[in-house]
Amino acid sequence: METRMMADVRSTRQLRADGMDARALRRAVGEGSVKRVRRGAYRPAGEIGLRDEHRRLVEATIGELQPGTVVSHASAAVLHGLVVRQGALQRVHLTRHGRGRRNQTVHVHPAPLLDQECTSVRGIPVTTIARTLADLGRTEELRWAVAGLDDALRRNLTGPSDLAVAVERARGLPGIHGLRAAIPLADARCESVGESLCRVAFHQWGLPAPVLQHEVNDSRGLVGRVDMAWPEHKVLVEFDGKVKYSSLVRPGETPSEVVWREKRREDRLRALGWQVIRVTWDEIFSAPEAVCRQVAAALWR
């Protein structure tokens, strides 16, 4: 199977064919004009995102794959465009039947793979979306497993029946209990990673499950659709991410006008008796217990 590499990733052999010998390559790396992706693979220097950096690392690794080895886990998630924890991108994740191994750049997971659990992305052999999500469910923290499932379901990249088959095929593999815990928590209505992390934190804290994307109305009509709500307690949680606010900007509107509009919306919610709790990235990452205590206090108030 032919792999179409990113145009800016070049092997040592290709660079030599272009006239760059070993001494010139070392000098270019030392000067910072060329960046080493991994042994035998280089790209022009320049800042790129972590996911793009990992994609290049995957493609630079493909030439060394043994027959039957498939890109999997977090690396497959990157190729499929799925939500994945950034800390999982330090190595290229691969799966093959046989012995596993792990070093600074590669983690080979030993597990059987059926033909129907494999596909290709840009010519790269990779686990299917359902199998990738199942692998992440077995190996990642519950909150990140659910975040990936939520995102895939919301974008119709897979469905409950495909996931049920993937869970059945994963029976007996390490971490299957984590996967089985994640599947019931997945919800296609969840619209962001932050909301997924909040929901899992609430679940682990023992709080009742919120209603997602709940619409609130007053005498003037629709006040808004809120991220998470407990209508019987008139408590709601809004996850505040920078991306969310940027998406709210209307044509010709300034950021300050967005903030003012959101304030007026919140005033209408509070006038109806709603308790509004806003959660930021920093809070859900560094102090999820404090967020849960705040929500619990509001619910039982």
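Here, every reference points to the structure presented above.
Below: a short report on this structure. (Residues numbered from 1 in each chain as written. Predicted model: local features only at pLDDT ≥ 70, side-chain atom pairs only at ≥ 80, totals over all residues. Heavy atoms only, no water.)

## Focus on the packing of helix H4 (residues 73-80) against helix H5 (residues 129-139)
Thought 1: Orientation of H4 relative to H5, taken along the N-to-C sense of each, is 140°, at an axis distance of 9 Å. For the element pair H4 / H5, the angle class is oblique. Viewed along their axes, H4 and H5 form a crossing whose handedness is left-handed. Each of His73, Ala74, Ala76, Ala77 and His80 in H4 lies in contact with H5, whose residues at this interface are Ile129, Thr132, Asp135, Leu136, Arg138 and Thr139. (Axes fitted to C-alpha atoms, helices over the stretch in contact; angles between N-to-C directions. Helix = DSSP H or I, 4+ residues; strand = E, 2+ residues; numbered from the N terminus. Parallel < 35°, antiparallel > 145°, perpendicular 65-115°, else oblique. Left-handed = near helix turned anticlockwise from the far one by under 90°. Contact = heavy atoms within 4.5 Å.)

## Side note on the pattern of salt bridges
Any two side chains of opposite charge can pair if their charged atoms end up close together.
Thought 1: What the rule picks out here adds up to 19 salt bridges.
Thought 2: Taking the shortest distance from any N to any O, the salt bridge between Arg199 and Asp150 comes out at 2.5 Å. Of the two residues, Arg199 sits in helix H9 (residues 193-205) while Asp150 sits in helix H6 (residues 142-154), which places them 49 residues apart along the sequence. In terms of burial, Arg199 and Asp150 fall into one category: buried.
Thought 3: Between Glu168 and Arg171 there is a salt bridge; the shortest N-O distance is 3.0 Å. (Salt bridge = Lys/Arg side-chain N within 4 Å of Asp/Glu carboxyl O. Buried < 20%, exposed > 50% of the residue type's maximum accessible area, 1.4 Å probe, protein only.)

## Topic: helix H13 (residues 288-300)
Helical geometry note: an α-helix holds 3.6 residues per turn, so side chains three or four residues apart project in the same direction.
Thought 1: Taking 1.5 Å as the rise per residue, H13 with 13 residues should run 18 Å; its terminal C-alpha atoms sit 18 Å apart, in good agreement.
Thought 2: Those residues of H13 that sit buried are Pro288, Val291, Cys292, Val295, Ala296, Ala298 and Leu299. In a view along the axis of H13, the buried residues occupy a sector of 160°, so they form one face of it.
Thought 3: Looking at the buried residues of H13, the elements they touch are H9, strand E11 (221-230), strand E12 (235-240), strand E13 (275-280) and helix H12 (281-286). (Expected span 1.5 Å × (residues − 1). Arc of directions from axis to C-beta.)

Remember that the coordinates give geometry; whether it matters functionally is a separate question.
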